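As a plain string of letters, each chain reads:
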Amino acid sequence: MRSARPVAGRGRIAPDCNSTETPMSKTRILPSISAAVVAFVWGVLTPPSVYVLRRQDIINNSSSTDYPPLPYPLPTYTPCTSSNLDNYLHTAPVNGLHIVCVSPLHLGADGMEEQLPQSNDAQEQYATINKVESLRLTFYKGSSSPPIILQEKVGGRRTTNGVDGVGAGKKGADSIDWQEMRVQFYAQLGLVPEGKLQQPWAVFTPTGERIVGDSDLVTSGDGIGSNQYIMSNIIASGMIIVTQGGNWVWPGVREGFQRNVSLSSSSGTTKSLNVTIETLSMKPLVLSIQGFLTDEECDHIAEKAAPNMQYSGVTLKDNDIGKAANNWRTSQSTFLSAKNDPILTDIEHRTASLTRVPRNHQEYVQVLRYGFTEKYDAHHDFFDPAQYQSDPNTLNLIEYGKKNRFATVFWYLTDVEDGGHTIFPRAGGLPPMMNFADCSRGLKVKPQKGKVIIFYSLDASGARDELSLHGACPVGEGNVKWAANKWVWNAPMGYITS
Ligand SMILES: O=C(O)CCC(=O)C(=O)O
Ligand SMILES: [Fe+2]
């Protein structure tokens with residue numbers, strides 16, 4: 001069952017087509033790396049330094065000037081206070097999940113560096129975005145604390161007299177070059193670029209809105225996707241999250257951790273929904289959300305699927321070719337398209353909002369029905385290319401491993417009184433199994449109508465998580481379990497386009 005981790009590609013860093021800077025080269029990266037080493041040693045040898053905020057009259061000035069609004073909304077400001085950080089930091093490093101705190105700075109009238117205000121007040125935000133000349137960045141590699149806190153400053157563009165931010169040089173968000181900041185991210189967080197088997201890393205707000213990805217082309221001007229857009233969003237957000245895998249992963253924090261999250265509706269037709277995401281397991285990452293689906297929605301899905309349910313297959317691995325699927329899986333299933341079905345369409349949008357992964361990464365929903373004794377032995381939802389070497393269709397689909405099922409959003413459509421648990425037999429790092437039908441070990445999730453769980457088959461770095469092994473335990477007498485798989489890939493797949 002085990003497989004090699006995808007080898008991260010080490011391609012060149014694509015220069016931004018519209019950048020006025022020269023493409024990055026080793027000569028630019030090397031000083032950054034030395035700076036990173038110094039910063040690292042500094043960070044390890046000294047306690048985390050708290051930047052001392054110098055009061056400045058800039059705060060008073062900010063209301064006296066009217067700054068024009070930006071042509072896009074800015075994210076909510078999340079200050080890196082210890083209580084906010086508590087919602088993102090882990091006691092052990094998480095592979096591929098990083099936190100960066102961003103403080104905007106400028107040189108005050110006295111030539112001293114000053115921290116600019118950050119808040120949710122629009123005028124204050126615009127003032128800061130117009131005045132910023134450099135940033136102080138605090139890196140939490142692996143989103144763990146303590147101890148790796150590094151401080152780095154990204155300077156503003158060089159001005160005519162060669163000093164950052166002084167004289168006739170540019171001010172404002174556009175004076176800070178995303179390309180330069182990107183180099184710091186590579187150096188400080190140990191990121192790897194997009195490669196044959198690696199999706200590009202990406203930057204998000206703490207609520208999972210994507211700001212920019214490493215392979216994004218930066219557009220010119222000041223619209224969405226421009227340098228100004230990226231920097232304004234990063235500054236306004238205050239805290240930002242970087243995932244090496246390029247897709248949002250809700251930080252699990254610890255078992256039992258609860259996070260309140262607001263979900264957007266599909267097209268303004270339904271009201272938004274507030275849910276609580278609870279961490280059931282850290283390894284693998286399994287999250288649970290009660291009341292995600294209404295009873296009516298659950299019934300609608302099961303009724304719609306019922307006429308087409310079939311005892312059906314699994315994608316056979318090389319070693320299993322010739323074997324019948326009911327060796328492992330005795331349930332019935334069918335795929336449902338949401339086309340012309342406003343209820344399903346709405347749930348797909350809600351699922352996209354819940355995962356913060358766009359809807360075009362989803363497969364059609366696969367509805368499942370288990371009668372008495374029916375089950376699905378432990379398996380992974382990802383495809384390990386090593387196990388599909390004689391299946392060119394699967395290999396092409398997954399691009400030899402660059403693309404894969406990333407997360408499963410599993411919808412429970414009925415209550416089940418006896419049996420029918422979803423089981424994660426390696427939860428917490430338990431050893432590999434000998435008997436894949438063993439329902440006696442690991443984390444067991446009881447089916448409850450309207451509840452969903454999210455489990456991540458790929459970790460935040462994009463690597464396949466062997467611990468995401470899971471199965472469905474046999475259903476007890478007199479019970480029927482209806483449920484559904486909403487598989488979310490790590491890249492757009494073209495199944496769902498509209
Ligand atoms: O029914 C369950 O609880 C899990 C089903 C499953 O893992 C699958 O269909 O891939
Ligand atoms: Fe599964």
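Residues numbered from 1 in each chain as written. Chains lettered and ligands numbered in written order. Predicted model: local features only at pLDDT ≥ 70, side-chain atom pairs only at ≥ 80, totals over all residues. Heavy atoms only, no water.

K.L.:
Explain the overall build of the chain to me, using residue names and the numbers behind them.
P.N.:
Across its full length, the chain carries nine helices and 20 strands. Taken across its 498 residues, the chain has 55% of its residues classed as buried. In the chain, of all internal contacts separated by at least 6 residues, the share reaching a separation of at least 24 is 75%. Accessible area of the chain: about 21,800 Å², with a carbon and sulfur share of 54%. (Helix = DSSP H or I, 4+ residues; strand = E, 2+ residues; numbered from the N terminus. Buried < 20%, exposed > 50% of the residue type's maximum accessible area, 1.4 Å probe, protein only. Contact = heavy atoms within 4.5 Å. Areas by Shrake-Rupley, 256 points an atom, 1.4 Å probe, with all protein chains shown as cover.)

K.L.:
Explain the coordination of the iron ion (ligand 2) to me, and be specific about the residues and the numbers.
P.N.:
The protein atoms that coordinate the iron ion (ligand 2) are H379 (NE2), D381 (OD) and H470 (NE2), at distances of 2.1 to 2.2 Å. Sequence spacing among the residues donating to the iron ion (ligand 2) works out to H-x1-D-x88-H. Of this pair, H379 sits in strand β14 (residues 376–379) while H470 sits in strand β19 (residues 470–472), and the two are 91 residues apart along the sequence. Of the two residues, H379 and H470, neither departs from the other in class, the shared state being buried. (Donors = N, O, S within 2.8 Å, 3.2 Å for Na, K, Ca; no water.)

K.L.:
So what's going on with the site of ligand 1? Residues and values would help.
P.N.:
Around ligand 1 there are 13 residues in total, and Y370, T422, H470, K481 and N485 lie nearest to it. A distance of 2.5 Å is found between an oxygen atom of ligand 1 and a side-chain nitrogen or oxygen belonging to Y370. Within the side chain of K481, a nitrogen or oxygen atom sits 2.8 Å from an oxygen atom of ligand 1. Put simply, ligand 1 lies in the largest cavity. Counting residues per element, the shell around ligand 1 draws most heavily on strand β20 (residues 481–489), which supplies three residues. (Near = heavy atom within 4 Å. Polar contact = N/O pair within 3.5 Å; in protein donor to acceptor, adjacent residues only side chain to side chain. 1 Å grid on protein atoms, 1.4 Å probe; cavity = no way out; pocket = protein on both sides within 12 Å on 5 of 7 lines; lining within 4 Å. Sits in = over half its atoms within 2 Å of the grid points.)

K.L.:
So what about the pairing of strand β1 (residues 97–107)? Which residues, and what values?
P.N.:
Summarising burial for β1: 10 of the 11 residues are buried, a large majority. Bridge count between β1 and strand β7 (residues 239–243): five bridges; the pairing is antiparallel. Each bridged residue has a counterpart across the sheet, and for L97 the counterpart in β7 is T243. The pairing of β1 with strand β2 (residues 113–115) spans three bridges and is classified as antiparallel. By the bridge assignment, H106 is partnered in β2 with E114. Taking the residues between adjacent antiparallel strands as the criterion, β1 and β2 are bridged by five residues, where G111 takes a positive phi near 80 degrees. (Pairing = 2+ DSSP bridges.)

K.L.:
Residue-level account of empty space enclosed by the protein, with values.
P.N.:
For the coordinates displayed, the defined rule picks out seven cavities of 30 Å³ or more. What the largest cavity holds in volume is close to 120 Å³. Y370, H379, F410, H470 and N485 are, among the 15 residues lining the largest cavity, the residues nearest its centre. For the lining of the largest cavity, the secondary structure elements donating two or more residues are β13 (365–370), β14, β19 and β20. Here the residues of the lining of the largest cavity are counted per class, giving seven nonpolar, five polar and three charged. Approximately 80 Å³ is the volume found for the second largest cavity. Taken together, 13 residues form the lining of the second largest cavity, with L197, G401, K402, G462 and N490 sitting closest to its centre. Per-domain counts for the lining of the second largest cavity show at least three residues from each of domain 1 (26–243) and domain 2 (258–489). (Points joined across faces, edges and corners; volume = space filled by probe spheres on them. Nonpolar A, V, L, I, M, F, W, Y, C, P; charged D, E, K, R; others polar. Domains from an automatic or database assignment.)

K.L.:
Summarise the pattern of salt bridges; cite the residues concerned and give the values.
P.N.:
Working definition: two side chains of opposite charge can pair if their charged atoms are close together. Applying the stated rule across the entire model yields 14 salt bridges. Among the salt bridges present, the one from R210 reaches D216, with a minimum N-O distance of 3.0 Å. Overall, the relative accessible area of 43% leaves R210 in the partly exposed class. Several salt bridges share partner residues, and in doing so they unite E297, D346 and R350 into one network. (Salt bridge = Lys/Arg side-chain N within 4 Å of Asp/Glu carboxyl O.)

K.L.:
Before we move on, can you summarise the packing of aromatic side chains with the specific residues and values?
P.N.:
Enumeration over the complete set of coordinates arrives at 14 aromatic pairs. Plain terms: the ring middles of Y72 and Y229 are 4.7 Å apart, the flat faces sit at 80 degrees to each other, and that makes the pair edge-to-face. Remark: Y229 occurs in helix α6 (residues 227–237) and Y72 occurs in the loop between α2 (58–62) and α3 (82–85); sequence separation between them is 157 residues. Of the two residues, Y72 and Y229, neither departs from the other in class, the shared state being buried. For the ring pair W178 and W201, a centre distance of 6.2 Å and an interplane angle of 70 degrees mean the geometry is edge-to-face. (Phe/Tyr/Trp six-rings, centres within 6.5 Å; stacked < 30°, edge-to-face > 60°.)

K.L.:
Before we move on, could you go through a negative patch on the surface and cite the residues and values that matter?
P.N.:
On the surface, D295, E296, D415, E417, D418 and E477 cluster together into a patch of negative charge. Among the secondary structure elements, D415 is positioned in the loop between β15 (405–412) and β16 (422–424). Taking the relative accessible area as the measure of exposure, D415 reaches 46% and is therefore partly exposed. (Patch = residues over 30% accessible without salt bridge, like charges linked within 9 Å, V, L, I, M, F, W, Y side chains within 5 Å. Lys, Arg positive; Asp, Glu negative; His and termini not counted. Charge placed at Lys NZ, Arg CZ, Asp CG, Glu CD.)

K.L.:
Any details on the pairing of strand β9 (residues 273–281)? Residues and values, ideally.
P.N.:
In this structure, strand β8 (residues 258–263) lies alongside β9, joined through six bridges in antiparallel fashion. Residue pairing across strands places N260 opposite T276, the latter belonging to β9. Examined bridge by bridge, β9 and strand β10 (residues 286–289) share four bridges and lie antiparallel to one another. Of the residues in β10, the one forming a bridge with E278 is S288. Between β9 and the antiparallel strand that follows it, β10, lie four residues.

K.L.:
Describe the state of the cysteines, naming the residues involved and giving the relevant values.
P.N.:
Enumeration according to the criterion identifies two disulfides in this entry. One disulfide bridge connects C80 with C101, the sulfur atoms lying 2.0 Å from each other. Across the S-S bond linking C80 and C101, the dihedral sits near -90 degrees, which makes this disulfide left-handed. Here C80 is found in the loop between α2 and α3, whereas its partner C101 is found in strand β1, with 21 residues between them in sequence. For C101, a relative accessible area of 7% translates into the label buried. (Disulfide = S-S within 2.5 Å.)

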